Amino acid sequence: MTSGGGKIFHRRVNAKPLFSVQPEPNRKIQTRMKKIICLLSALTAFSLAAAEPSGTNAPAATNSFTGAKIPDASHAPVRVTNAVTIAGERVAYTAETGMLPVLKADGTSRASVFYVAYTRLNETNQAARPVMFCFNGGPGSASVWLHLGALGPRRVKMNDDGSLPAPPFALMDNEFSALNTSDLVFIDPVATGFSRAAKDEKAEQFLGDEGDLDSVGEFIRLWTTRHDRWLSPKFLCGESYGVFRAAGLADHLRDRYGMYLNGLVLVSGVLDFGTIRAATGNDLPYQLSLPAFTAAAHFHKKLPPDLQADPARARAEARQFADGEYAAALQQGAALAPEERKKIVVELARLTGLTPPVIEDNNLRIDQSVFRKQLLHGEGLILGAYDARLTGRDGDAAAPGAGFDPAGAAVMGPFSAAMNSYVRGELKFEDDLPYEFLTPMPAWSYNVRNSFANASDRLATVMNVNPYLKILVLGGQCDLVCPIDTMHHSLDHLPLAAAYRKNVSYAEFDAGHMMYINRPDLQKLQDEIRKFIRP
């Protein structure tokens with residue numbers, strides 16, 4: 001999913017004047033006309049001023065339009081109160097929407113970071129109340145997906161299975177919000193949402209692993225300081241690349257500010273990019289993707305009867321095969337014996353629902369785009385990448401891979417409409433700039449050379465230093481972008497003291513990357529987070 005910035009186009013228009021006044025020799029008539037024009041000008045100015053909306057965070061209106069204002073942290077946040085029923089309990093809360101500065105050493109601002117924070121009202125012991133800082137990934141994604149899809153008190157109204165509803169779209173109360181368990185702060189990193197670099201500051205300083213950790217970490221420190229939450233239990237929740245960010249942030253916050261966290265909620269993410277990016281000599285992603293292919297094939301009823309009857313057994317067989325015979329076959333490369341190759345093809349066909357010729361044509365290495373195109377090729381359907389349960393039609397049967405992602409298409413419209421309406425209508429935050437949902441980041445710096453970006457060591461470091469840090473890994477079985485087995489592999493290979501491995505727990509869901517758009521999974525997610533934060 002990608003998004004681009006808006007442009008303003010100007011064109012010349014040959015228009016007739018609104019008033020056409022013919023010359024009159026009579027001076028009295030000329031004087032009367034001048035008075036009428038002055039009166040009309042005054043009335044017009046008055047009506048325009050009366051129609052001007054009262055901005056809650058914007059500077060006073062001027063007589064001439066000079067373009068959209070870049071948001072900054074100089075304006076006070078906007079606060080509104082509301083209530084939502086969660087698990088049968090009425091939860092009253094304050095929603096605070098605003099911008100915080102990313103400060104330099106001299107106290108001046110490098111950037112302004114947009115956030116929405118929800119705090120429960122009538123809490124007598126603020127220090128005991130948990131607070132969870134939440135963000136999505138990308139890199140380049142705003143936090144809208146976790147905010148209005150999973151955790152916040154309002155959510156996008158999707159079909160119960162997470163498929164695209166017919167427009168116009170709507171918001172609804174989130175009866176499965178995490179607000180009954182923890183206060184929530186949703187952060188949009190610089191260049192996403194309304195967050196922007198300050199004037200005369202280069203945006204590139206924020207567009208990389210280290211710059212990102214520094215700016216998001218500074219936001220968390222300042223928000224915690226201004227809201228007097230240093231003694232509160234603190235958690236991070238990251239999705240997708242946000243998992244990579246959360247692992248680095250936990251270590252950064254400890255090392256830079258002495259901020260020790262209580263836990264990390266890692267949703268559909270990646271720690272080691274070598275587990276999801278195949279390359280010559282790196283066949284690991286093919287191996288780790290196989291159980292997700294099996295889960296998707298089961299959902300679409302493409303497995304043989306014995307596996308179709310028992311999905312847990314099907315996934316277990318896929319994992320056993322991936323870790324054993326399949327891994328050994330991939331490791332041999334072209335040296336694999338023809339008889340062994342035939343056995344691998346037959347078993348891959350059994351576990352994926354693909355035909356043997358497709359597997360042969362792809363040299364035993366099934367890319368997720370090929371799988372998405374071929375599994376339901378006979379029905380003219382392609383699968384979603386982020387959620388392989390969802391399907392669509394790309395109109396090109398001969399293409400080697402899927403033309404687009406039906407799962408991404410299912411969420412973009414509803415979430416865009418909901419956030420643009422919610423932030424201005426209910427949260428009362430006014431700004432003329434577009435809310436950037438997904439900002440392309442082609443030049444993002446991972447600060448590595450000749451290797452894959454990997455946050456595993458940083459996570460291991462902070463877990464060894466802080467033995468109370470707990471990890472909850474959440475993943476969808478039909479996620480083909482960040483299969484949950486990639487997280488199992490990364491965490492199983494952490495250089496972590498054996499005594500601390502009990503601090504890692506997992507929960508799997510039926511849907512995909514954004515499992516929370518599937519209503520049964522959303523309910524389960526709320527329960528898993530509640531047990532994790534308040535065991």
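What you see is a predicted model, and the numbers here were worked out from it, not measured in a lab.

(A) The environment of Leu-351, seen in detail. With respect to the secondary-structure elements, Leu-351 resides in helix H8 (residues 338-352). C-alpha of Leu-351 to C-alpha of Glu-317: the two residues are 34 residues apart in sequence and 8.1 Å apart in space.

(B) Layout of the side chain of Thr-192. Looking at the secondary structure, you find Thr-192 in the loop between strand S7 (183-188) and strand S8 (196-197). Owing to a relative accessible area of 2%, Thr-192 belongs among the buried residues under this scheme. Excluding residues within four positions of it along the chain, Thr-192 makes contact with Gly-140, Ser-141, Ala-142, Glu-436 and Thr-439.

(C) Focus on the pattern of salt bridges. Tallying each qualifying case throughout the model produces 32 salt bridges. Between Glu-426 and Arg-154 there is a salt bridge, with its nearest N and O atoms 2.8 Å apart. With Glu-426 in the loop between helix H11 (406-425) and helix H12 (456-465) and Arg-154 in strand S5 (residues 154-156), the pair connects residues that are 272 residues apart, well separated along the chain. Judged by its relative accessible area of 30%, Glu-426 falls in the partly exposed class. Since its relative accessible area comes to 15%, Arg-154 is described here as buried. Here Asp-485 and Arg-319 are joined by a salt bridge, their closest N and O atoms 2.8 Å apart. Of the two residues, Asp-485 sits in helix H13 (residues 484-492) while Arg-319 sits in helix H7 (residues 311-332), which places them 166 residues apart along the sequence. Here the salt bridges share partners, and the residues they tie into one network are Asp-306, Arg-313, Glu-317, Glu-347 and Arg-350.

(D) Spotlight on the pairing of strand S4 (residues 131-135). Extensive coverage of S4 is indicated by the burial of five of its five residues. Neither face of S4 is exposed, since Val-131, Phe-133 and Phe-135 on one face and Met-132 and Cys-134 on the opposite face are all buried. For S4 and S7, the ladder comprises four bridges, and the chain directions are parallel. Residue pairing for S7: Phe-133 is matched across the bridge by Val-185. In this structure, S4 lies alongside strand S9 (residues 234-239), joined through five bridges in parallel fashion. Paired with Phe-133 across the bridge in S9 is Leu-236.

(E) Expanded view of the confidence of the model for the protein. On average, residues of the protein carry a pLDDT of 88, and 87% of them reach 70 or more. Within the model, pLDDT remains below 50 along residues 1-65, and this stretch shows 30 contacts once partners closer than five positions in the same chain are excluded.

(F) Just the packing of H7 against H8, in detail. The interhelical angle for the contact between H7 and H8, taken along N-to-C directions, is 155°, at an axis separation of 11 Å. Overall, the two elements H7 and H8 adopt an arrangement that is roughly antiparallel. Seen along the crossing, H7 lies across H8 with a hand that is left-handed. Each of Arg-313, Ala-314, Glu-317, Ala-318, Phe-321, Glu-325, Tyr-326 and Ala-329 in H7 lies in contact with H8, whose residues at this interface are Ile-344, Glu-347, Leu-348, Arg-350 and Leu-351. Along the lines of polarity and charge, the residues of the contact of H7 with H8 split into eight nonpolar, no polar and five charged.

(G) Seen up close, the pairing of strand S13 (residues 470-476). Taken across its seven residues, S13 has six buried, putting it largely inside the fold. Across five bridges, the pairing between strand S10 (residues 263-267) and S13 is parallel. Paired with Leu-266 across the bridge in S13 is Val-473. By the bridge criterion, six bridges tie S13 to strand S14 (residues 504-509) in an arrangement that is parallel. Paired with Ile-471 across the bridge in S14 is Val-504. Viewed along the sheet, the connection from S13 through H13 into S14 turns out right-handed.

(H) Structural context of the nonpolar core. Formed by 57 residues in total, the largest nonpolar core has its most connected members in Tyr-118, Met-132, Leu-151, Phe-415, Leu-474 and Tyr-516. In this structure, Tyr-516 is in contact with Asn-136, Trp-145, Leu-146, Gly-149, Ala-150, Glu-239, Leu-522 and Leu-525, ignoring residues within four places of it in sequence. Judged by nonpolar contacts, the second largest core, of 55 residues, contains Val-131, Val-216, Met-441 and Leu-459.

Scoring rules and cut-offs
- Residues numbered from 1 in each chain as written.
- Predicted model: local features only at pLDDT ≥ 70, side-chain atom pairs only at ≥ 80, totals over all residues.
- Heavy atoms only, no water.
- Helix = DSSP H or I, 4+ residues; strand = E, 2+ residues; numbered from the N terminus.
- Buried < 20%, exposed > 50% of the residue type's maximum accessible area, 1.4 Å probe, protein only.
- Contact = heavy atoms within 4.5 Å.
- Salt bridge = Lys/Arg side-chain N within 4 Å of Asp/Glu carboxyl O.
- Pairing = 2+ DSSP bridges.
- pLDDT = per-residue confidence, 0-100.
- Axes fitted to C-alpha atoms, helices over the stretch in contact; angles between N-to-C directions.
- Parallel < 35°, antiparallel > 145°, perpendicular 65-115°, else oblique.
- Left-handed = near helix turned anticlockwise from the far one by under 90°.
- Nonpolar A, V, L, I, M, F, W, Y, C, P; charged D, E, K, R; others polar.
- Right-handed = clockwise from strand over helix to strand, strands pointing away.
- Core = buried A, V, L, I, M, F, W, Y, C linked by side-chain atoms within 4.5 Å.

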